Amino acid sequence: MIRIRKGEVKDFEKLSWGWKNSKKILEKYIEAIKKRKQEFFVVEDKNNLIGEIHIFWKDKDKQKANGKNRAYLSTFRIHEDFQGKGIGTKLIEHALNYIKKKGYTQVTIGSYKDENKTQRYYNKLYFKRKIKTDTDKSIKPQRDFILFLREL
Ligand SMILES: CC(C)(COP(=O)(O)OP(=O)(O)OC[C@H]1O[C@@H](n2cnc3c(N)ncnc32)[C@H](O)[C@@H]1OP(=O)(O)O)[C@@H](O)C(=O)NCCC(=O)NCCS
């Protein structure tokens, strides 16, 4: 039986399987979580953590999240041994309900332009409106990143 619950900073130890190459980003996340700009949910299976999703309430990029009515979902992942069993969908729906309860009416999520499978999945989850495409220059080779929006 899996359980979805709020994440805490100490949970990142058990989520290290997803953070191996992203130490800098993790530091930023922890800082934002401490400042309450960001929250996250985890999926627990027995004593392991097998998934996570992060909610940004506020971001420098107001098109992503503005601290008023629009939140941004990021780092949505399920451990590869558990993918394709409906767990990710339960997790994102849990996060969407939580965001709605907080009074927010819009949610954004991003995908790289070449990730067709991810885009089809987001579309199925009603992230249908393309707000913009940015070029992610933080990675090499650079990749285009599409931001999608869903109303709640
Ligand atoms: C995308 C992801 C979070 C979905 O979680 P999940 O538990 O596997 O998904 P579910 O079983 O609830 O739903 C399956 C849907 O996810 C999609 N999916 C499954 N495995 C996937 C994978 N490795 N990569 C991308 N999408 C995947 C499928 O298209 C499927 O859609 P369908 O129902 O139309 O067939 C998970 O597969 C994952 O972590 N993938 C790798 C990382 C990633 O691409 N994250 C998203 C960008 S941050």
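Residues numbered from 1 in each chain as written. Predicted model: local features only at pLDDT ≥ 70, side-chain atom pairs only at ≥ 80, totals over all residues.

Student: An account of helix α2 (residues 87–101) is needed here, citing residue identities and associated values.
Tutor: With 15 residues, α2 should reach 21 Å at 1.5 Å per residue; the first-to-last C-alpha distance of 21 Å fits that figure. Buried residues of α2: Leu91, Ile92, Ala95, Leu96 and Ile99, and no others. Seen from one end, α2 has its buried residues packed into an arc of 135°, which puts them on one side. Away from the buried face of α2 by more than 90 degrees, exposed residues Glu93, Asn97 and Lys101 are located. The inward-facing, buried residues of α2 contact β1 (2–6), β2 (38–45), β3 (48–56), β4 (70–78) and β5 (106–112). Of the residues flanking the end of α2, it is Gly103, one or two places downstream, whose phi is positive at about 95°. (Helix = DSSP H or I, 4+ residues; strand = E, 2+ residues; numbered from the N terminus. Expected span 1.5 Å × (residues − 1). Buried ≥ 20, exposed ≤ 12 C-beta atoms within 10 Å, placed from the backbone. Arc of directions from axis to C-beta. Contact = placed C-beta atoms within 7 Å.)

Student: Could you give an account of the pairing of strand β6 (residues 129–136), naming the residues involved and the relevant values?
Tutor: Burial of β6 is sparse: only zero of the eight residues sit out of reach of the surface. Two strands pair when backbone bridges link them, and β6 and strand β7 (residues 143–151) are joined in this way by seven bridges, in the antiparallel orientation. Within β7, the residue paired with Lys132 across the bridge is Leu147. Between β6 and the antiparallel strand that follows it, β7, lie six residues. (Pairing = 2+ DSSP bridges.)

Student: Explain the site of the ligand to me, using residue names and the numbers behind them.
Tutor: Around the ligand sit 15 residues in total, of which Arg77, Ile78, Gln83, Gly88 and Thr89 are the nearest. For the shell around the ligand, the secondary-structure elements that each account for two or more residues are β4, α2 and α3 (116–124). If you tally residues by element for the shell around the ligand, the top one is α3, at five residues. Here the shell around the ligand is composed, by residue class, of four nonpolar, six polar and five charged. (Near = placed C-beta within 6 Å. Nonpolar A, V, L, I, M, F, W, Y, C, P; charged D, E, K, R; others polar.)

Student: Go over the pairing of β2 with me, naming the residues and quoting the values.
Tutor: Bridging between β1 and β2 involves five bridges; their strand directions are antiparallel. If you follow Ile4 over to β2, its bridge partner there is Val43. Where β2 meets β3, eight bridges bridge the pair, whose relative direction is antiparallel. Along β3, the bridge assignment pairs Glu39 with Ile55.

Student: Residues and numbers for the sheet that holds β7, please.
Tutor: On the basis of which strands lie adjacent, the open sheet formed by seven strands has the order β1-β2-β3-β4-β5-β7-β6 and mixed pairing. Edge positions in the sheet fall to β1 and β6, since each has one partner strand and no second. On average, each strand axis in the sheet is inclined to that of its neighbour by 25°, with strand direction left out of account. On the sheet, α2 packs against β1, β2, β3, β4 and β5 and is oriented at approximately 35° with respect to β3. (Axes fitted to C-alpha atoms, helices over the stretch in contact; angles between N-to-C directions.)

Student: Before we move on, can you summarise the environment of Phe76 with the specific residues and values?
Tutor: Mapped onto the fold, Phe76 is located in strand β4. With 36 residues separating them along the chain, Phe76 and Phe40 place their C-alpha atoms 9.8 Å apart.

Student: Report on the nonpolar core, specifying residues and quantitative values.
Tutor: If you look at the biggest cluster of nonpolar residues, it comprises 26 residues, and the most contacted ones within it are Ile53, Ile55, Ala71, Leu73, Ala95 and Ile99. Where this core is concerned, the elements lending two or more residues are β2, β3, β4, α2 and β5. Beyond its immediate sequence surroundings of up to four residues, Ile53 is in contact with Phe40, Phe41, Leu73, Thr75, Phe76, Leu91, Ile92 and Ala95. (Core = buried A, V, L, I, M, F, W, Y, C linked by C-beta atoms within 7 Å.)

Student: Describe in detail unusual backbone geometry, supporting the description with residues and values.
Tutor: Put simply, Lys140 and Pro141 share a cis peptide bond, and its omega is -5°. Along the chain, the position of Pro141 falls in the loop between β6 and β7. Positive phi, normally seen in glycine, also occurs at Lys46, with a value near 50°. Counting through the fold element by element, Lys46 comes out in the loop between β2 and β3. By C-beta crowding, Lys46 is classed as exposed, having 8 other C-beta atoms within 10 Å.

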